[in-house]
Each structure stands twice: as structure tokens, then as C-alpha cells.
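Examining the three-dimensional arrangement
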Amino acid sequence: MPYLGLVTLVVHDYDEAIAFYVGAVGFELREDTLLADGKRWVVVVPPGASETGLLLARADDEAQRTRVGDQTGGRVALFLATDDFARDHARMVANGVVFDEEPRHEPYGTVAVFRDLYGNAWDLVQPV
């Protein structure tokens, strides 16, 4: 059965992106393999994830560099689901993650928008 394996996120620097996603957000570094021409295959995943992860891809040219932090035109494109919103929100805030808003309750769950180190908008959400 097909599943969504990886989602590419274009970044400026591998190591600063790893530091943010692993250190601040709490992801696990699944793979960091050196490729040709100084490129790396860097995969980070939420704790316990078995299928979907992020491929952190360093921007190679000016067109890609202009998209870092704005890959969706300012819309939330990535949704980090949790089974304990209060725990993960508090941990992320303590680790320097910047939230755009206070947590709010919606029909689909508790949610708050946060920004990654480049400005991409994410939802931290605990579904109902």
C-alpha cells in the first residue's frame, strides 16, 4: 500500500536546520548521509514516526534560495500532530520555538501556528 514517505523542505543550511528540528521541535535525526558535491541526504522525523519524515534539502541555486521560508506563499503547509498539546507546546516554547498565536480550540482540535527557523508556518495540533 502506498504511503507518503518524505516531504522536502528547502533550507539554507543542513546543520542549522538539524539543530532547529531536532533541538527545538523535538524531531529525531533518522539519516544524515554525505552525497556528491557536498550535498547530504538529511531526514528528520517526529518521535516514533514510522512512515513520513522531512527531507531537509539545502537550496542549490538562487531560485531555490528565494523559496526558503516561503514554500507555500505564507500558508500553513505542515501539520505536526500531537497527543498532548500542552506538553509539546510548553517544550517547544522552552526551546525557543516562536508561536504566532496563543493556543485555540477549533472543532477539529487544539491548535497554534508556529514558525520554523526560516519562517515556514506550521500547525501544532492535537486532533479531537
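Presented here is a report on the structure given in the accompanying data block. The shown structure was predicted, so the numbers you read here are calculated from the model rather than taken from an experiment. (Residues numbered from 1 in each chain as written. Predicted model: local features only at pLDDT ≥ 70, side-chain atom pairs only at ≥ 80, totals over all residues. Heavy atoms only, no water.)

Here's the deal with the nonpolar core
Judged by nonpolar contacts, the single largest core of 28 residues is most densely connected at Y21, V25, L56 and F114. When contributions to this core are tallied by element, the ones reaching two or more residues are β1 (6-11), α1 (14-25), β3 (40-45), β4 (53-58), β5 (78-81), α3 (85-94), β8 (109-115) and β9 (121-127). With seven residues, the top contributor of residues to this core is α1. If we skip the residues at most four places from it in the chain, F114 touches V25, L80, M92, V97, V98, F99, D100, N120, A121, W122, D123 and L124. (Core = buried A, V, L, I, M, F, W, Y, C linked by side-chain atoms within 4.5 Å. Buried < 20%, exposed > 50% of the residue type's maximum accessible area, 1.4 Å probe, protein only. Helix = DSSP H or I, 4+ residues; strand = E, 2+ residues; numbered from the N terminus. Contact = heavy atoms within 4.5 Å.)

Re α1
Taking 1.5 Å of rise per residue, 12 residues should cover 16 Å, and α1 covers 15 Å from first to last C-alpha, within 8% of that figure. Within the sequence span of α1, burial applies to Y14, A17, I18, F20, Y21, A24 and V25. Capping the start of α1 is the job of one residue whose side-chain oxygen sits 3.0 Å from the backbone nitrogen of D15: D13. A positive backbone phi angle near 100 degrees is found at G26, which sits one or two residues after α1. (Expected span 1.5 Å × (residues − 1). Polar contact = N/O pair within 3.5 Å; in protein donor to acceptor, adjacent residues only side chain to side chain.)

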